[in-house]
Amino acid sequence: MEKAVSVPLGCPIPFFTNLVVRPCHITTPQEREEVLKRTENNPFAFPASMLLVDYLSDSGSTAMIDLQWAAMFRADESYGRNHGYYALQDTVRDTFERGDNQKRLINKVIIDEPNETWKPNYDADIEGGFVNQGQRQLERPNFFITPQGRCAENILYLTIRQILDKKNPGKQLKLTIPSNGWFDTTEAHARSNGIHPVNLFAPYFSEPFPIEEVGKSNPFKGNIDLVRLEELIVKEGPENIPFVLMTITNNTGAGQPVSMENIKAAHAIARKYDLPVWFDAARYAENAFFIHKYEKGYSEKSIAEITKEMFSYCDGFTMSCKKDGLSNMGGILSFRDKGKFWEKYSTPESDVGILMKEKQILLYGNDSYGGMSGRDIMALCVGLLQAQSLQYLETRLNQIQSLCVKLHAEHVPVVLPPGGHAAFIDVNEFFDITVPGIDSSARQEKAKKEGRKWLGRDIADFHGQGLVVELIRRFGIRGCELGAYAFEWDNKNEADRKGVVNLVRLAVPRNVLSEDHITFTAKAIGQMYKDRESVPRCRVVRGQHLRLRHFQCGLEAIYEEGKRLE
Ligand SMILES: *Cc1c(COP(=O)(O)O)cnc(C)c1O
C-alpha cells in the first residue's frame, strides 16, 4: 500500500509542482460593484475573470495533472466504441470493485502497448458487478456515461417514476426517499418526478467540535440518522420508498464524511425492509480518505480497498465526475448487475437498464460516449485513479483544514471539523440569526459575556447571500450561499424548514490554490466579520419561484442606513 505521507512531520509532503500559472486580474471594488448591479447580485452570473479567488464550486474547476492532458492527446473520437469507453469501463471496475488488485488498463492505452481495447474480450463476463462487459453490456446494460452528475440523476429518477407508475396503474403513489443529505440538483430531480426528498442529518450535526481536535479525530457528521431512518421507513411504508440514498461525502451537510460503520448500518436497515441502497458518490475518494485517517481499523488500508468496501454496501450509484473524478466534465450511473436495485425495478419483459439506456441515447448520446468527448473520457480514466492517491488526498484535505483553522483564528464561525471539499461558514452564528422555534437565549447570553453586540438578524433576510455579494464587492472573493436563500426558506412550509441548514460555502478547487490564497481569504472574511453590520441583507426581486432559483434569479442587496463601507 502507498504509505501515509504525513507521519514524520505532521504535515503532508507536497503533491505537485506548478508548470503553468495564470496571473490574476486586478479590479477595484467600484468596478466589481458596477458589474454586481448588472448581474442582479447573482454570483453565478459574475464574471470569473474579475475575481481574485473563486470558491463558487469545486465542480469541474480542477487543474488536471499532466498525465490527464497526455491521455487526452491519445483520445479516440469515434462515434461507436472508442477505446476510451473500454478503458473507462475497466477503470470504473478498478475503482469500485477491485481494491488493491487494479489492472490500470488506461496506462497501456496511453503508451499504445497491446491491450484489451484493441480487441475486447467478449468472453469476459462477470456477474454481479457495476459494469457488465463482454456480450452482457447489450442485454443487461448497467453502466452509463453522462455529461455530468445531474444527467445521471435525470435518467435515474425518470426511470424509477416510470416503472413505479406502470406497476401501480391508477394509484397516486406518495413516494419518499430518505437521505443523509440531498444535493440541490438531486433534490430537484426527485421533486420533479414527484418523489419527496427527506434529509436525515446526524442528530449531533450541529454540536460544537473543539478546534484542538481538528486533524486528530472526526465524528463523521455526514452520517445518516439511523433512528429516524427506520422510523421513516415504517411510517411511510417500505413500498413507498424507492431506495435509501447516501451522499458521500455529504455535500449539503457541510461536506462532512460518512463513516463505514454508518454506511453498513444504513445498509442493514434498508435490507431489513428489502430496500436497495443508492449512493450519490461525487466525492467517494475524499470520503474514503476520512475513513482511512479517522475510522478505527482503516489506517492500514488503501483508498482503493476502502472504496471497494464502501461500494459493497450499495446497489447502485450516480456520480458527478467533476469532483473526485479530477475531471472537468463527466458523470456516471451504474448499478449492480442482478443486485437489489436491478431486482426491484426489472421484470422479465422489461429490464431497468434497457429503459435507462433508452433515455441516455435520447437525452445525451449513444452509450459509449453519453455526451462526453473521447478526450474527456480519457482524462476521467486517469483522474479516477489519481484521486485515490494518499499523497494527493492528504494535500487536498489539508488545504481545506488550513482554510478552516485560519478562518477560526480570525473569529469567523466555521463548521468544524473541516469537511472534504469546502469550508462552511455558519451564517446563523455570523449574524446572530434566531431561527423561529429554536431558543437562542444561550447564544445571546454567550455574546453578552464575550462583550459582543447581538445583531439578532432575521433568517428570511438572507444575510448569507449578503455576505457572498459583499465578499465579491470588497475583496474579489466568490463563495456560494447554501442556506436559507438557496434552499428556499421563504417557499417552504414549517416542517420542511427544519431540514434547512444556513451556510456559506467556500468550495476549494482541486490543485488550483496556494497557501497565499488561503491566507488572503481568511484575512478578508475575518475583516468582514468585524464589519458584519455593514453586510447587506438580500431580497429576491426576480424569479422567486423558479426551480433551482439560486442559479438564475435576481437579487437586491439592501444596506442598513449609514452602515455601508466603501
Ligand atoms: C455536484 C454534485 C451533483 C451533481 O453533479 P453535476 O456534475 O454538477 O451535475 C450531485 N450530487 C452531489 C453530492 C454533488 O456534489
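Here is what the cut-offs are and how they apply
Residues numbered from 1 in each chain as written. Predicted model: local features only at pLDDT ≥ 70, side-chain atom pairs only at ≥ 80, totals over all residues. Heavy atoms only, no water. Helix = DSSP H or I, 4+ residues; strand = E, 2+ residues; numbered from the N terminus. Rg over C-alpha atoms; globule rule 2.2 N^0.38 Å. Buried < 20%, exposed > 50% of the residue type's maximum accessible area, 1.4 Å probe, protein only. Contact = heavy atoms within 4.5 Å. Areas by Shrake-Rupley, 256 points an atom, 1.4 Å probe, with all protein chains shown as cover. Lys, Arg positive; Asp, Glu negative; His and termini not counted. Charge placed at Lys NZ, Arg CZ, Asp CG, Glu CD. Near = heavy atom within 4 Å. Polar contact = N/O pair within 3.5 Å; in protein donor to acceptor, adjacent residues only side chain to side chain. Core = buried A, V, L, I, M, F, W, Y, C linked by side-chain atoms within 4.5 Å. Axes fitted to C-alpha atoms, helices over the stretch in contact; angles between N-to-C directions. Parallel < 35°, antiparallel > 145°, perpendicular 65-115°, else oblique. Nonpolar A, V, L, I, M, F, W, Y, C, P; charged D, E, K, R; others polar. Pairing = 2+ DSSP bridges. Phe/Tyr/Trp six-rings, centres within 6.5 Å; stacked < 30°, edge-to-face > 60°. Lys NZ or Arg CZ within 6 Å of the ring centre and 35° of its normal.

**Here we look at the overall build of the chain**
Check the secondary structure of the chain and you find 20 helices and 14 strands. Whereas a compact globule of 566 residues would reach a radius of gyration of roughly 24 Å, the chain reaches 23 Å, a difference of no more than 12%. In terms of its C-alpha atoms, the chain occupies a principal-axis envelope of roughly 75 × 60 × 50 Å. For the chain, with 566 residues in total, the buried portion stands at 60%. By sequence separation, contacts in the chain at least 24 residues apart represent 74% of the contacts at least 6 residues apart. Total accessible area on the chain is roughly 23,500 Å²; 53% of this is exposed by carbon and sulfur atoms. Considering the chain, the positive charge centre built from 70 side chains and the negative charge centre built from 74 side chains are found 1 Å apart.

**Some details on the site of the ligand**
In the vicinity of the ligand, 16 residues are found, and the nearest of them are Gln 148, Arg 150, Asp 280, Ser 320 and Lys 323. A distance of 3.0 Å separates an oxygen atom of the ligand from a polar atom in the side chain of Asn 251. Note that an oxygen atom of the ligand is positioned 2.8 Å from one of the side-chain N or O atoms of Arg 283. Protein chains bury 98% of the 380 Å² of accessible surface belonging to the ligand in isolation. Where the shell around the ligand is concerned, the elements lending two or more residues are helix H6 (149–167) and helix H7 (184–192).

**A short note on the nonpolar core**
Soluble globular proteins tend to pack their nonpolar side chains together in the buried interior. Phe 279, Tyr 284, Met 310, Phe 311 and Phe 317 are the most contacted members of the largest nonpolar core, which totals 70 residues. Among all residues touching Phe 317, those that are not within four sequence positions of it are Phe 96, Phe 130, Trp 278, Phe 279, Ala 281, Phe 311, Ile 332, Leu 333 and Ser 334. Within the second largest apolar cluster, 56 residues are counted, among which are Val 427, Phe 431, Ile 433 and Val 500.

**A word on the packing of helix H10 (residues 284–294) against helix H11 (residues 303–311)**
Running from N to C, H10 and H11 cross one another at 105°; their axes reach a closest spacing of 9 Å. By the angle between their axes, H10 is roughly perpendicular relative to H11. Packed against H10, whose contacting residues are Tyr 284, Ala 285, Asn 287, Ala 288, Phe 289, Ile 291 and His 292, the element H11 presents Ile 303, Ile 306, Thr 307, Met 310 and Phe 311 at the interface. Of the residues belonging to the contact of H10 with H11, the class tally is 9 nonpolar, 3 polar and no charged.

**Details of the sheet that holds strand S9 (residues 422–426)**
Sheet architecture is open: 3 strands sit in the order S9-S12-S11, paired in antiparallel fashion. Of all the strands in the sheet, just S9 and strand S11 (480–482) have a single pairing partner and so form its edges. Across the sheet, the mean angle from the axis of one strand to that of its neighbour is 30°, orientation sign disregarded. Examined bridge by bridge, S9 and strand S12 (residues 503–507) share 5 bridges and lie antiparallel to one another. Counterpart to Asp 426 in the pairing with S12 is Leu 503. Helix H15 (residues 390–409) contacts S9 and S12 of the sheet and is inclined by roughly 25° relative to S9.

**Structural notes on the side chain of Ser 440**
Assignment of secondary structure puts Ser 440 in the loop between helix H16 (427–430) and helix H17 (441–449). You can call Ser 440 buried: its relative accessible area is 9%. Apart from the residues within four sequence positions on either side, Ser 440 is in contact with Thr 434 and Trp 454.

**Here we look at the packing of aromatic side chains**
Taken as a whole and assessed by the stated rule, the structure comprises 24 aromatic pairs. Each ring, one from Phe 290 and one from Tyr 294, has its centre 6.2 Å from the other, and the planes form 25°; the classification is stacked. Highlighted residues: Phe 290 and Tyr 294, both in helix H10, separated by 4 residues, approximately one helical turn. Assigned by exposure class, Phe 290 and Tyr 294 land together as buried. On the basis of an interplanar angle of 50° and a centroid distance of 5.4 Å, the ring pair of Phe 335 and Phe 341 is categorised as tilted. Judged by its relative accessible area of 0%, Phe 341 is buried. An aromatic cluster of three or more residues is present, and its members are Tyr 157, Trp 182, Phe 243, Trp 278, Phe 335, Phe 341 and Tyr 345. The ring of Phe 183 carries Lys 323 above its face, with NZ or CZ at 5.3 Å from the centroid. Just above the ring of Tyr 559 sits the side chain of Arg 564; from NZ or CZ to the centre is 5.2 Å.

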